[in-house]
Amino acid sequence: MYKDIFIQRQPVIYQVLKHSIASGQLAHAYLFSGMRGSQMKEAAILLAQSLVCPNGDLFACETCDVCRRVAHHQYTDIIYIDGTDRTIKKEEILQLQRKFMQTALERYNKKVYIIEHADRATPEALNSLLKFLEEPSGEDTTAILISENSDRLLPTILSRCQILSFASSTQQSVYHRAIDMGITPYDSHICSSFIKDEYQIAALVDSENYIQVMDSFHQFLTQASNNFYFAALYMQKEGFNSKNSKGKEFIALFCDIAQVFFKDVIAQNMVGDIWWNDFIMSRRFSTVASSAMRVFAEGKDKLVRNPNLSLLMDEMIFELANIETIAKKEGYRG
Ligand SMILES: [Zn+2]
């Protein structure tokens, strides 16, 4: 059964979904993001089955008639759209929505869209889908977008989805080999997210740069708990302060670590027993996690291509100030 493989290979995502199903707090839209071979489609089917299976204990039984029909795309209220070798156009989505607006055809009043290779749908198609989900008529509808290239999706799409990053098998084996070498689970977790070699991880965690960046990132989060803008200024100061013109290396690693952190916030993933966890459950961070992740992903990206560190820092400070605005707005609302 896929469920057993899922628990083993994607423990973090399993926990996130299990918690959401148990508390009845599923997102309107999920983005399953990961490398080819990370079995995201299987996970999407399992989630869809779990919403309608009459026998499931949180997750679906995978064997009953309903589950089998979902798996074979024969369940009327669960629509699977495959963008493997074509573009998904807006008209197709609108047509489906018209069909979905009618009363559910199956016994359970749940409807699911699964869109594989969502990055190959037009932005208009995805936008009209996600807009529809925000309307009351879309209440019992869940969308699961699957993408191996989620960086090609527009920010407006990403911000509407709960992003679940599937671990690749390489990452997991690097993680376990790093632990076998005596690196702490926490350092192994962070570094295996962006380094694919346990020896390089061992060298990094021993380096002055890593220790310095981790310490600065801790300070950054402490400041960001109050204000992202001041946290950004702090990050800039530390980056330029770092010894012997290592500014770029410092900021690059800072961006890598920040991305892991905000991914953990989205997945509510706790690691080890350290300060990192104190910030994971913060409501303030969870409201801005996907935007923050994007700032650091773009920052790292630009850093690789563009040598002008001070210009880049100014841009990042601007972006992080915007995040402060989002956080404040959400704070007032909630
Ligand atoms: Zn079932």
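In this text the structure is predicted, and so the values were computed from the model without any measurement. (Residues numbered from 1 in each chain as written. Predicted model: local features only at pLDDT ≥ 70, side-chain atom pairs only at ≥ 80, totals over all residues. Heavy atoms only, no water.)

> Which residues make up the coordination of the zinc ion, and what values do they have?
Within the protein, Cys-53 (SG), Cys-61 (SG), Cys-64 (SG) and Cys-67 (SG) serve as the donor atoms for the zinc ion, at 2.3 to 2.4 Å. One way to put it: the four donor atoms around the zinc ion meet at angles of 102 to 119°, and that makes the site tetrahedral. Sequence positions of the residues that donate to the zinc ion give the spacing C-x7-C-x2-C-x2-C. Judged by its relative accessible area of 12%, Cys-64 is buried. (Donors = N, O, S within 2.8 Å, 3.2 Å for Na, K, Ca; no water. Tetrahedral: all angles 85-135°; square planar, octahedral: opposite > 155°, others 65-115°. Buried < 20%, exposed > 50% of the residue type's maximum accessible area, 1.4 Å probe, protein only.)

> Break down the pairing of strand β3 (residues 111–116) for me, citing the residues and quoting the values.
Counting buried residues along β3, six of its six residues qualify, which places the element largely inside the surrounding structure. A two-sided burial pattern is seen for β3, the buried positions comprising Lys-111, Tyr-113 and Ile-115 on one face and Val-112, Ile-114 and Glu-116 on the other. Two elements, strand β2 (residues 78–82) and β3, share five bridges in a ladder whose sense is parallel. For Tyr-80, the partnering residue across the bridge sits in β3 and is Ile-114. (Helix = DSSP H or I, 4+ residues; strand = E, 2+ residues; numbered from the N terminus. Pairing = 2+ DSSP bridges.)

> An account of the domain arrangement of the chain is needed here, citing residue identities and associated values.
Assigned domains within the chain: domain 1 (2–165) and domain 2 (207–333). With centres defined by C-alpha atoms, the gap from domain 1 to domain 2 works out at 30 Å. Listed by partner, the interface residues are eight residues for domain 1 and six residues for domain 2. Taking both sides of the interface into account, the surface hidden between domain 1 and domain 2 amounts to around 640 Å²; carbon and sulfur atoms contribute 65%. It is Val-12, Ile-163 and Ser-165 in domain 1 that bury the most area against domain 2; as a group they hold 50% of the surface buried on that side. Inspection of the region where domain 1 meets domain 2 yields zero salt bridges. Counting the contacts that link domain 1 with domain 2 gives zero residue pairs in polar contact (both at pLDDT 80 or more). Ranked by the residues each element gives to the side of domain 1 that touches domain 2, the list is headed by strand β5 (residues 162–165), at three residues. Of the residues in the side of domain 1 that touches domain 2, the class split is five nonpolar, three polar and no charged. (Domains from an automatic or database assignment. Contact = heavy atoms within 4.5 Å. Buried area = accessible area lost by both parts, 1.4 Å probe. Salt bridge = Lys/Arg side-chain N within 4 Å of Asp/Glu carboxyl O. Polar contact = N/O pair within 3.5 Å; in protein donor to acceptor, adjacent residues only side chain to side chain. Nonpolar A, V, L, I, M, F, W, Y, C, P; charged D, E, K, R; others polar.)

> Now, about the sheet that holds strand β1 (residues 29–33): what can you tell me, with residues and values included?
Read from one edge of the open sheet, five strands run β2-β3-β4-β1-β5, paired in parallel fashion. The open sheet has two edge strands with one neighbour each: β2 and β5. Neighbour-to-neighbour, the strand axes of this sheet turn through a mean angle of 15°, independent of strand direction. The strands touched by helix α2 (residues 11–23) within the sheet are β1 and β5, with β5 carrying the most contacts at an inclination of about 145°. Sitting on the sheet, helix α5 (residues 90–101) touches β2, β3 and β4 (141–147), and the angle it makes with β3 is about 165°. (Axes fitted to C-alpha atoms, helices over the stretch in contact; angles between N-to-C directions.)

> Describe the packing of aromatic side chains, naming the residues involved and giving the relevant values.
Scanning all chains against the criterion turns up 25 aromatic pairs. Taken together, a centroid distance of 5.1 Å and an interplanar angle of 20° make the contact between Tyr-14 and Phe-59 stacked. Residue Tyr-14 is found in helix α2, and its partner Phe-59 is found in the loop between α3 (40–52) and α4 (65–71); the two are separated by 45 residues along the sequence. Residue Tyr-14 is classed as buried on the basis of its relative accessible area of 14%. When its relative accessible area of 3% is taken as the criterion, Phe-59 is described as buried. (Phe/Tyr/Trp six-rings, centres within 6.5 Å; stacked < 30°, edge-to-face > 60°.)

> Any chance you could break down the side chain of Ser-128 for me, citing the residues and the numbers?
Relative to the helices and strands, Ser-128 is located in helix α6 (residues 123–134). Relative accessible area serves as the criterion here: at 12%, Ser-128 is assigned to the buried category. There is a polar contact of 3.1 Å between the side chain of Ser-128 and the backbone oxygen of Ala-125.

> Lay out the side chain of Asn-127 with the relevant residues and their values.
In this fold, Asn-127 is placed in helix α6. Looking at Asn-127, the relative accessible area reads 17%, which means it is buried. In this view, Asn-127 contacts Thr-156, Ile-157 and Arg-160; residues no more than four positions away in its chain are not counted.

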